[in-house]
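What the coordinates show
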Amino acid sequence: MALPTSLELQIVTPDRLILQEQVDEVEIPGSEGYFGVLPGHTPMLASLAAGELWYRKGQERTYLAIVFGFAEVLPDRVTILARLAERAEDIDVERAEAARRRAEERLAHAKGDVDYERARLALMKSMTRLQVSSRIGVGPRTGGMKRLRNQS
Ligand code: ATP
């Protein structure tokens, strides 16, 4: 049987369908690390971290911020069920900067584990948003700040 030549990428949040497109490649922020998917990939399920997801159509990459959820990978389809998913162009940089400063302040003065964990999560989300929004207008890249999950 012929291998599929593209992937149908669907990204869904509890609110809405964020994206549905035919793409050539996807990189996903899995909770065990980033992983790439090409057409014909072995079926798998993965849980997601907070991080950036990109997909490629031809030479062009598009970036989204993803916060937690699950990915289902099939040979011709990738479905992302995310708690939050935001396209780079929809991210308000000033708001994310303010959230980052607030989270850093709270981390520094956290009273107890719950406070600390909430601040850590807010910091991860804000840094993911800042990272993804910085991709706008930048050509293809492969490096960059990748792992935000364990940041404290
Ligand atoms: P903040 O502290 O700035 O409110 P947050 O991380 O607490 O941010 P969330 O609870 O994650 O915000 O998200 C609430 C809603 O606001 C979601 O719809 C999310 O997409 C949106 N949102 C939060 N921050 C931003 C941002 N910087 N740019 C665009 N949308 C954002």
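Residues numbered from 1 in each chain as written. Predicted model: local features only at pLDDT ≥ 70, side-chain atom pairs only at ≥ 80, totals over all residues.

1. Observations regarding the overall build of the protein chain
Helix and strand counts for the protein chain come out as 2 helices and 7 strands. Listed N to C, the secondary structure of the protein chain is β-β-β-β-β-β-β-α-α in terms of helices and strands. The 152 residues of the protein chain split such that 29% are buried. Across the protein chain, every contact between residues at least 6 apart in sequence was considered, and the portion connecting residues at least 24 apart equals 55%. (Helix = DSSP H or I, 4+ residues; strand = E, 2+ residues; numbered from the N terminus. Buried ≥ 20, exposed ≤ 12 C-beta atoms within 10 Å, placed from the backbone. Contact = placed C-beta atoms within 7 Å.)

2. Considerations on the sheet that holds strand β4 (residues 33–37)
Working definition: the strands of a sheet are paired by backbone hydrogen bonds and lie parallel or antiparallel to each other. One open sheet accounts for 7 strands, arranged β2-β1-β7-β6-β5-β3-β4; its pairing is mixed. Among the strands making up the open sheet, the edge pair consists of β2 (17–23) and β4. The average angle at which neighbouring strand axes cross in this sheet is 30°, direction not considered. In this sheet, β2 lies alongside strand β1 (residues 7–12) in antiparallel orientation, the contact comprising 6 bridges. Paired with Glu 8 across the bridge in β2 is Gln 22. (Pairing = 2+ DSSP bridges. Axes fitted to C-alpha atoms, helices over the stretch in contact; angles between N-to-C directions.)

3. Comments concerning the nonpolar core
Core analysis: the largest hydrophobic core is formed by 32 residues, its most contacted members being Val 26, Leu 64, Ile 66 and Ile 80. Broken down by secondary-structure element, the contributors of at least two residues to this core are β1, β3 (25–30), β5 (44–57), β6 (60–74), β7 (77–87), α1 (93–108) and α2 (113–133). If near-sequence neighbours (up to four positions away) are discounted, Ile 66 is found in contact with Pro 29, Leu 48, Gly 51, Leu 53, Ile 80, Ala 82 and Ala 85. (Core = buried A, V, L, I, M, F, W, Y, C linked by C-beta atoms within 7 Å.)

4. Topic: α2
Between its first and last C-alpha atoms α2 spans 30 Å; for 21 residues at 1.5 Å apiece the expected length is 30 Å, and the two agree. Of all the residues in α2, the buried ones are Ala 119, Leu 123, Met 124, Lys 125, Ser 126, Met 127, Thr 128, Arg 129, Gln 131, Val 132 and Ser 133. Among the structural elements, β5, β6, β7 and α1 are those in contact with the buried residues of α2. (Expected span 1.5 Å × (residues − 1).)

5. Notes on the pairing of β7
The pairing of β1 with β7 spans 5 bridges and is classified as parallel. Considered in β7, the bridge of Leu 9 is made with Val 78.

6. Description of the packing of α1 against α2
Axis separation between α1 and α2 bottoms out at 8 Å; the angle between their running directions is 150°. By the angle between their axes, α1 is roughly antiparallel relative to α2. Crossing geometry of α1 relative to α2 is assigned as left-handed. Residues Val 93, Ala 96, Glu 97, Ala 99, Arg 100, Ala 103, Glu 104, Arg 106 and Leu 107 of α1 lie in contact with α2, whose contacting residues are Asp 115, Tyr 116, Ala 119, Arg 120, Ala 122, Leu 123, Ser 126, Met 127, Arg 129, Leu 130 and Ser 133. When its residues are assigned to classes, the contact of α1 with α2 shows 11 nonpolar, 2 polar and 7 charged. (Parallel < 35°, antiparallel > 145°, perpendicular 65-115°, else oblique. Left-handed = near helix turned anticlockwise from the far one by under 90°. Nonpolar A, V, L, I, M, F, W, Y, C, P; charged D, E, K, R; others polar.)

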